[in-house]
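# Structural features, examined
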Amino acid sequence: QVQLVESGGGLVQPGGSLRLSCAVSGIIFRDHNMAWYRQAPGNQRELVALISRGHFTKYADSVKGRFTISRDDARDTVFLQMNNLKPEDTAVYYCNAARPSGSSVAWGQGTQVTVSS
């Protein structure tokens with residue numbers, strides 16, 4: 001059974017930072033690409049950042065220079081460091097595991113990030 005469990009969301013003021021974690025079990029973590037998506041109310045789910053099994057990274061233009069995705073293959077965990085948060089970053093953030101072909105394997109349950117003063 002594949003499980004992705006996110007943590008680290010919360011309420012933060014504009015300009016603040018949060019670090020999201022996603023602990024993965026049930027798959028060979030190092031063989032999968034990992035990504036963070038987000039979905040704000042009324043919006044479609046969008047890709048925030050991706051890290052391949054070879055540690056290649058890709059970011060949405062809206063978060064470049066502020067967010068950093070990383071992975072620890074020894075701990076089967078992927079992280080999203082979010083700095084200089086803005087109100088428009090408010091959303092539910094989801095962790096995703098995908099095969100190298102791009103096909104999705106599983107999603108986490110989501111963690112709420114709210115940026116507000």
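Okay, so let's go over this structure. In this text, all values refer to a predicted model and were calculated from it rather than measured experimentally. (Residues numbered from 1 in each chain as written. Predicted model: local features only at pLDDT ≥ 70, side-chain atom pairs only at ≥ 80, totals over all residues. Heavy atoms only, no water.)

## Regarding unusual backbone geometry
Test applied: Strands here mean DSSP runs of E at least two residues long; helices mean DSSP runs of H or I at least four residues long; both are numbered from the N terminus. Relative accessibility under 20% of the residue-type maximum defines a buried residue, over 50% an exposed one, and the middle range a partly exposed one, all with a 1.4 Å probe and only protein chains included.
The phi angle at His55 is positive, at roughly 70°, despite the residue not being glycine. In this structure, His55 sits in the loop between strand E5 (46–51) and strand E6 (57–59). By relative accessible area, His55 is classed as partly exposed at 42%. The phi dihedral of Asn84 falls on the positive side, at around 50°, and the residue is not glycine. One can find Asn84 in the loop between strand E8 (77–82) and strand E9 (91–98).

## Quick notes on the pattern of salt bridges
The test is simple: For salt bridges, the criterion is a side-chain nitrogen of Lys or Arg within 4 Å of an Asp or Glu carboxyl oxygen.
All chains considered together, the criterion is met by 6 salt bridges. Where Glu46 meets Arg38, a salt bridge forms, and the shortest distance between an N and an O atom there is 2.7 Å.

## Regarding the side chain of Asp89
Our working definition: The definition of a polar contact used here is a pair of N or O atoms within 3.5 Å, where within protein one atom must be able to donate a hydrogen and the other to accept one, and adjacent residues in sequence count solely through side-chain atom pairs. The contact criterion used throughout is that any non-hydrogen atoms of two residues lie within 4.5 Å.
By the element assignment, Asp89 lies in the loop between E8 and E9. For Asp89, a relative accessible area of 0% gives the class buried. Among the polar contacts listed, one links the side chain of Asp89 to the backbone nitrogen of Lys86, at a separation of 2.8 Å. With residues up to four places along the chain from it excluded, the contact list for Asp89 reads Arg38, Arg66, Phe67, Asn84, Val113 and Val115.

## Quick notes on the pairing of strand E3 (residues 18–25)
The following threshold applies: Whether two strands pair comes down to DSSP finding at least two bridges between them.
Strand direction decides the pairing type here: strand E1 (residues 3–7) and E3, joined by 5 bridges, are antiparallel. Paired with Val5 across the bridge in E3 is Ala23. Sheet topology note: the E3/E8 ladder contains 6 bridges and is antiparallel. By the bridge assignment for E8, Arg19 is matched with Gln81.

## Quick notes on the pairing of strand E7 (residues 67–72)
Only one face of E7 is covered, namely the one carrying Phe67, Ile69 and Arg71; the face carrying Thr68, Ser70 and Asp72 has none of its residues buried. Pairing geometry for E7 and E8, over 6 bridges, is antiparallel. Looking at E8, one finds that Asp72 is bridged to Thr77. Counting the residues that bridge the hairpin from E7 to E8 gives 4 residues, and of these Asp76 lies at a positive phi of roughly 50°.

## A look at the packing of aromatic side chains
Formally: We call Phe, Tyr and Trp rings a pair once their centres come within 6.5 Å, taking the six-membered ring for Trp, and we label the pair stacked below 30 degrees between planes, edge-to-face above 60, and tilted otherwise. The criterion is that NZ of a Lys, or CZ of an Arg, lies within 6 Å of the ring centre and within 35 degrees of the ring normal, and then a charge sits over that ring.
What the rule picks out here adds up to 1 aromatic pair. Look at Tyr37 and Trp107: their rings are 4.9 Å apart centre to centre, the planes differ by 65°, and that puts the pair in the edge-to-face class. Placement of the pair is Tyr37 in strand E4 (residues 33–39) and Trp107 in strand E10 (residues 104–107), with a sequence separation of 70 residues. What makes Trp107 partly exposed here is its relative accessible area of 37%. Over the ring of Trp107 we find Arg45, and its NZ or CZ is 4.6 Å from the ring centre. Positioned above the aromatic ring of Phe29 is the side chain of Arg71, whose terminal nitrogen or guanidinium carbon lies 4.5 Å from the ring centre.

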